[in-house]
Amino acid sequence: MKKQIKSTLWIHLFLILTALGMLLPFIWMVLTSFKSVTESTQMNPFSFFPSVWHFENYSEVVRNNNFVILYFNTIMMMLWRIVSSVLFSAMAAYAFARLEFPGKRFLFGLVLFQMMVPPQLFVIPQYLMINELGMRNTIFALVFPGLVSAFGTFLLRQFFISLPKDLEEAAKLDGCNIGQTFFKIMLPLAKSGLIALGIFTALFAFKDLLWPLIVNSEADAATLSSALSKIQGAYSINYPQLMAASVLAIWPMVLIYILFQKQFIQGIATSGGKL
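Residues numbered from 1 in each chain as written. Predicted model: local features only at pLDDT ≥ 70, side-chain atom pairs only at ≥ 80, totals over all residues. Heavy atoms only, no water.

*Asks:* I'm lost on the overall build of the protein chain in this one. Help?
*Replies:* Per the secondary structure count, the protein chain includes 14 helices and 0 strands. Traced from its N-terminal end to its C-terminal end, the protein chain shows the element sequence α-α-α-α-α-α-α-α-α-α-α-α-α-α. Relative to its 275 residues, the protein chain shows a buried fraction of 38%. Summarising the internal contacts of the protein chain: among those between residues at least 6 apart in sequence, 73% fall at separations of at least 24. Carbon and sulfur atoms make up 72% of the accessible area of the protein chain, which totals about 16900 Å². Computed over 19 positive and 12 negative side-chain charges, the separation of the two mean positions in the protein chain equals 13 Å. (Helix = DSSP H or I, 4+ residues; strand = E, 2+ residues; numbered from the N terminus. Buried < 20%, exposed > 50% of the residue type's maximum accessible area, 1.4 Å probe, protein only. Contact = heavy atoms within 4.5 Å. Areas by Shrake-Rupley, 256 points an atom, 1.4 Å probe, with all protein chains shown as cover. Lys, Arg positive; Asp, Glu negative; His and termini not counted. Charge placed at Lys NZ, Arg CZ, Asp CG, Glu CD.)

*Asks:* What is the right way to read the layout of surface pockets from this model?
*Replies:* To find leftover empty space, one rolls a probe the size of a water molecule over the atoms. Considered as a void within the structure, the largest pocket measures approximately 940 Å³ in volume. Together, 26 residues line the largest pocket, and R81, P119, P145, V148 and F204 are the ones closest to its centre. Taken together, the elements giving at least two residues each to the lining of the largest pocket come down to α4 (67-98), α5 (104-116), α6 (123-133), α8 (150-162), α11 (191-207) and α12 (210-215). Ranked by residues supplied to the lining of the largest pocket, first place goes to α11 with 5 residues. (1 Å grid on protein atoms, 1.4 Å probe; cavity = no way out; pocket = protein on both sides within 12 Å on 5 of 7 lines; lining within 4 Å. Points joined across faces, edges and corners; volume = space filled by probe spheres on them.)

*Asks:* Before we go on, may I ask you to explain the nonpolar core in this structure?
*Replies:* Nonpolar side chains in soluble globular proteins tend to end up buried together. Counting residues in hydrophobic clusters, the biggest one holds 31 residues, and the most contacted among them are F67 and L224. Put simply, the parts of the chain that give this core at least two residues each are α3 (56-64), α4, α6, α7 (139-143), α11, α12, α13 (224-234) and α14 (239-269). Element by element, the count of residues in this core is highest for α14, at 8 residues. Contact partners of F67, with chain neighbours within four places excluded, come to V61, V62, L224, A245 and L248. If you look at the next biggest cluster of nonpolar residues, it comprises 18 residues, including V86, A93, L155 and L194. (Core = buried A, V, L, I, M, F, W, Y, C linked by side-chain atoms within 4.5 Å.)

*Asks:* Is there a simple way to explain unusual backbone geometry in this structure?
*Replies:* Look at N137: it is not a glycine, yet its phi comes out positive at around 60°. With respect to the helices, strands and loops of the structure, N137 is situated in the loop between α6 and α7.

*Asks:* Help me out: how do you make sense of empty space enclosed by the protein in this one?
*Replies:* Following the criterion strictly, the structure yields 1 cavity of 30 Å³ or more and no others. Of the volumes computed, that of the largest cavity is approximately 30 Å³. Partitioned by chemical class, the residues of the lining of the largest cavity number 8 nonpolar, no polar and no charged. (Nonpolar A, V, L, I, M, F, W, Y, C, P; charged D, E, K, R; others polar.)

*Asks:* Mind showing me how you'd approach the UniProt feature "transmembrane region" (unreviewed entry) in the protein chain here?
*Replies:* Following the UniProt record, the feature "transmembrane region" (unreviewed entry) maps to residues 9-31, 68-94, 106-127, 139-160, 181-206 and 242-260 here. Overall, residues 9-31 shows 100% helix and 0% strand. The separation of its end C-alpha atoms is 31 Å. As a span, residues 242-260 carries 100% helix and 0% strand, and end to end its C-alpha atoms are 28 Å apart. (UniProt positions renumbered as here; feature names shortened; annotations may be inferred.)

*Asks:* Any chance you could explain the packing of aromatic side chains here in plain terms?
*Replies:* To describe a pair of aromatic rings, one takes the distance between the centres and the angle between the planes. In this structure the tally under the stated criterion is 15 aromatic pairs. Here the aromatic rings of F34 and Y58 are separated by 5.2 Å at their centres, their planes lie at 40°, and the arrangement is tilted. In this pair, F34 sits in the loop between α1 (2-32) and α2 (37-41) while Y58 sits in helix α3, placing the two residues 24 residues apart along the sequence. Judged by relative accessible area, F34 falls into the buried class, the value being 13%. The exposure class assigned to Y58 is buried, which follows from its relative accessible area of 16%. Seen in terms of ring centroids, F151 and F200 are 5.4 Å apart; in terms of plane orientation they differ by 85°. Their pairing is edge-to-face. One end of the pair, F151, is in helix α8; the other, F200, is in helix α11, with 49 residues separating them in the sequence. You can call F151 partly exposed: its relative accessible area is 27%. Judged by its relative accessible area of 15%, F200 is buried. Taken together, the ring pairs connect F34, W53, F55 and Y58 into an aromatic cluster. One Lys or Arg, K35, reaches over the ring of W28 and ends 4.6 Å from the middle of that ring. When the ring centre of F108 is taken as origin, the NZ or CZ atom of R157, which lies over that ring, is 4.2 Å away. (Phe/Tyr/Trp six-rings, centres within 6.5 Å; stacked < 30°, edge-to-face > 60°. Lys NZ or Arg CZ within 6 Å of the ring centre and 35° of its normal.)

Laid out in structure tokens, this is it:
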């Protein structure tokens, strides 16, 4: 018994140290955002906390950048990508998991193939499409690459495969068609998968840098990630203001994770299944 307790303590100690090691860069970023330029660049390992807290770093960054517009563009991009990706991926996943139609295996192979191809290959065709539509520097341009999701189709297909077929048979006996069976019975049962896909989509959209930089070049149409890359160029020496901008940029995703961490972990844990 004592040996088991000792082993458990060592495991918990290792996990705590690992967690602290992962949190250390974020803690350093937050503390650096309150330092002066001189203090942030000096090579003193013991200068962890700022000697004087410079809150003006945040006010300077906010004054030079319209974070209201940046938050709005980023949130709208994430929201519409989540809605479209979850809806279309769920319908495609249900078709691949439950329905029989000609070319099913071939079409699903194309979905898997799209997951294996680097997304940078689609940048030029997508840009030409947006340019022909005259939709550059708009919210739609930001949402366009995330209207469909091969990853979401694959992920949700695993959920639908794991559900018992008796549910569909019972719904058919009650007079439900395919649409009613999908929306009223099968879709609510895949709630954890939908939430997991929504969180993944939000994360991928938030981290997307290349596409917003290319398609939305105007400042009023930028997102947090693209604006942060420009701030990095503007404040290449002023590390405190760069760190302050980084803190202001990442807090929405931290809040999303705190609010939905249970669903996120549950979705990841239950997303495995047979192909």
